[in-house]
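Descriptive structure summary
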Amino acid sequence: MSPTESRVVLFGLDGAGFPILDPMLRDGTMPNLAAVLDAGVAAPLRSTEHPLSPPAWASIMTGRPPGEHGIFDFVRLDHSGGTPAYTLISSADLRVSTVFDIASRHGRRVTALNFPCMFPPPALNGSVVPGYVPWSYLGRACHPRGLFRTLKEQARIEPRKLAVDWELERTAIQGLPADQLSRWVRLHVEREEQWGRILLHLMRSEPSDLTAVVLDGVDRIQHLCLHLLVAEPEDLTPEERDVRSACRDYFRVADGLLGEVLAAAGPDADLLVVSDHGAQLAGDRIFYANTWLAQHGLLTWHDDVAVDDASRVAMNGNTESTQLFDWDHTSAAALTSSSNAIVVHRATHRGLPGVPPEEYEAFCRRLRDDLLTARDPATGERIVARVLLRDEAFPGPAADGAPDLTLELRSPGFLSVLRGPDVMAARVRPYGTHHRDGVFIAYGPGIAPGTVLRPLSVVDVAATVLHLLGLPIPAGVAGEPAVDGMRPAVRAPRPDEEQRADVFTAVGVPPKGLDAAGEAEIVSRLRSLGYLE
Amino acid sequence: MTAKDSGGVLPFVTEILDELTEDLDVGGVGPEDLLADLGLESISLVYLIAEVQQEFGLGDRLLDSLRWHPPTDVRALTVGQFAERTEQVIAAPAAGVPGRAAS
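Computed from a predicted structure; not experimentally measured. (Residues numbered from 1 in each chain as written. Chains lettered and ligands numbered in written order. Predicted model: local features only at pLDDT ≥ 70, side-chain atom pairs only at ≥ 80, totals over all residues. Heavy atoms only, no water.)

Looking at the overall build of chain B
Counting its regular elements, chain B contains 4 helices and 0 strands. Secondary structure elements of chain B occur, N-terminal to C-terminal, as α-α-α-α. Counting all 103 residues of chain B, 50% fall into the buried class. Residue pairs at least 24 apart in sequence account for 64% of intrachain contacts in chain B once pairs closer than 6 positions are excluded. Counting every atom, chain B has about 4700 Å² of accessible surface; 53% of that belongs to carbon and sulfur. (Helix = DSSP H or I, 4+ residues; strand = E, 2+ residues; numbered from the N terminus. Buried < 20%, exposed > 50% of the residue type's maximum accessible area, 1.4 Å probe, protein only. Contact = heavy atoms within 4.5 Å. Areas by Shrake-Rupley, 256 points an atom, 1.4 Å probe, with all protein chains shown as cover.)

Some points on the overall build of chain A
Scanning chain A for helices and strands turns up 18 helices and 18 strands. A burial count over chain A gives 64% of its 533 residues as buried. Considering only residue pairs separated by 6 or more positions, chain A has 75% of its internal contacts joining residues 24 or more positions apart. Summed over all atoms, the accessible surface of chain A reaches about 18400 Å², with 51% contributed by carbon and sulfur.

Some remarks on the side chain of His 467 of chain A
Residue and element names in this part refer to chain A. If you trace the backbone, His 467 turns up in helix H16 (residues 459–469). For His 467, the side chain forms a polar contact with the main-chain oxygen of Val 490, separated by 2.6 Å. Residues in contact with His 467, not counting those within four places in the same chain, are Pro 481, Val 483, Met 486, Val 490, Arg 491, Ala 492, Pro 493 and Arg 494. (Polar contact = N/O pair within 3.5 Å; in protein donor to acceptor, adjacent residues only side chain to side chain.)

Some details on the sheet that holds strand S1 (residues 7–13) of chain A
Residue and element names in this part refer to chain A. Reading across the sheet, the 8 strands line up as S6-S5-S7-S1-S8-S17-S2-S18 and stay open at both edges, with mixed pairing between neighbours. Only two strands of the sheet have a single neighbouring strand rather than two, namely strand S6 (126–129) and strand S18 (456–457). In this sheet, strand S17 (residues 437–443) lies alongside strand S8 (residues 269–274) in antiparallel orientation, the contact comprising 4 bridges. Each bridged residue has a counterpart across the sheet, and for Val 273 the counterpart in S17 is Ile 441. (Pairing = 2+ DSSP bridges.)

Focus on the environment of Ser 6 of chain A
All names here are of chain A. Counting through the fold element by element, Ser 6 comes out in the segment before S1. Classification of Ser 6 as buried rests on a relative accessible area of 2%. Along the primary structure Ser 6 and Asp 268 are separated by 262 residues, whereas in three dimensions their C-alpha atoms are 7.0 Å apart. One polar contact links the side chain of Ser 6 to the main-chain carbonyl oxygen of Leu 469, over a distance of 3.3 Å.

Quick look at unusual backbone geometry
All names here are of chain A. The omega torsion of the bond from Phe 119 to Pro 120 falls at -10°, within 30 degrees of zero and hence cis. Looking at where Pro 120 falls in the secondary structure, it is placed in the loop between strand S5 (110–113) and S6. Between His 143 and Pro 144 the backbone carries a cis peptide bond, its omega angle lying at 0°. With a phi close to 70°, Asn 114 is a non-glycine residue in the positive phi region. Of note, Asn 114 is situated in the loop between S5 and S6.

Looking at the pattern of salt bridges
Taken as a whole and assessed by the stated rule, the structure comprises 32 salt bridges over all chains. Residue Arg 436 of chain A pairs with Glu 49 of chain A through a salt bridge whose shortest N-O separation is 3.4 Å. Placement of Arg 436 of chain A in the loop between strand S16 (432–435) and S17 and of Glu 49 of chain A in the loop between strand S2 (41–46) and helix H3 (53–62) is noted, with a sequence separation of 387 residues between them. Residue Glu 49 of chain A is classed as partly exposed on the basis of its relative accessible area of 24%. The residue Arg 346 of chain A makes a salt bridge to Asp 400 of chain A at a minimum N-O spacing of 3.3 Å. With Arg 346 of chain A in the loop between strand S12 (341–344) and helix H14 (360–372) and Asp 400 of chain A in the loop between helix H15 (390–393) and strand S14 (405–409), this pair connects stretches of sequence that are 54 residues apart. Its relative accessible area of 16% is what places Arg 346 of chain A among the buried residues. Within the structure, one salt-bridge network assembled from shared partners comprises Arg 140 and Arg 145 of chain A together with Glu 15, Glu 19 and Glu 51 of chain B. (Salt bridge = Lys/Arg side-chain N within 4 Å of Asp/Glu carboxyl O.)

Function cannot be inferred from these measures alone, as they are strictly geometric.
Written out as structure tokens, the structure is:
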């Protein structure tokens, strides 16, 4: 097979880790993935320093860490107005080329479905249906124009089922009662079936050299149901067993789609199954970071901000977290739950509220030291396991847009941005959170079955895709192709690396469409994912 | 053809809304129609704002205007009012207004 004839399918399972998949691989729930594993190679895939979907998928797409690609969260921080603010990320915020861009530039056809940071859609040589777009805007969000109509007419997609039920998600962020979990899971089964229709329709009608899709139901389900998936069935109530069964039905559907994709791709395509991060049970304590900051004199709440008594990490409704604080008397605040980060209020001029530039580094170091000594008042245990300063967590030319301090909590989970009754509170419902170890599975004619892979990172995926496609890897790509899992003939170096200076050339020349958003409704959409406040 | 070429904000906004509502049994979209009555998810109006900002090179200015000057429930605007508000932002001096560079 000539490298130029090679094709790749990138099958994304958002939030999947081997601890979730392994039992279902063993018991026959996921026979197609099990067969792929038997005939392929696998390794844990290390996520970004803070494992979160937008930065991690962006790293998978670009082969670069967040400090280079510029995506750190669901939102983009903006310090230009004198107080920290945020707006929704868009494709314009991606500062480097994606594998889709690169393959397109080399004349290869691509299909990219349900990836974050893809709205407005780049003008690729192929098809794009971005992720995180509401159903009623999908008609304007797809590339090429007209694709949406085609998908409705020929693939019989139902946009309302394809997109997320945001009202339900808004509720679900705080956890759902057991009697609502089955519906939650079924909703995501329906969504994946819709994405499957799109995927298979495009694979059959307009086959691409690089076909990529993200199934994001895995993460949404694990957030609310991981405790049921990892439990022994005999330890569950009948109602919980029903939910667990529904969850496994979800994975059965995802696996069935994988089987259809393999059939549609044919024997000469290589398959990569990857996730942006894994999952783990959240700890039983929630950290109210802004309450801690207030107790340390670094943050002042507006008088009318109510105390949360429900162990929530985010507000219901549309209020932005930036409106909770008296910024004239606030030096630092956690703005989004998703980032597990604290943002410093940077004074734009001497004498104005905030931390002056000359004090910034010392301020951050002092805050880090204080956080590392913080103790849970109820248990006496440390609250924060690790604090990474901006340039430690996200080194690179785009670091200025990164949060200033990123926390790794001892009790795993996302912090709360709300005004808590104390700095810590008990979690009221079991919850799944992110883990840095996702999955990498490769299978196909270019893959040497059974070989042991070196530890892989999300930045290695793009290089692997490009290598399998026989395309040069741009010089700035940080990752390396997983050649140790490839057959000798495929391991051979590809064409010379391009010496393109494409890093940051995207700044200022975004694709047509969104360049800034993040108003209340859009924020509530992110909030409904369980991350943002 | 850009919105500027086609004669202003209203035709551009109407074209978008016509496209988005073609399956929603609302008939054609006119300037008197309330944005809230078009059958769109309210979140889609944020995408509309973003697309209009991008088209006219407004950075975040339209968003900021609707947020603060004065705070406005976009859903309560008619299509025509939304277009007028946009034109006001276009006409207003941009100096000192934070936002990304126009593309």
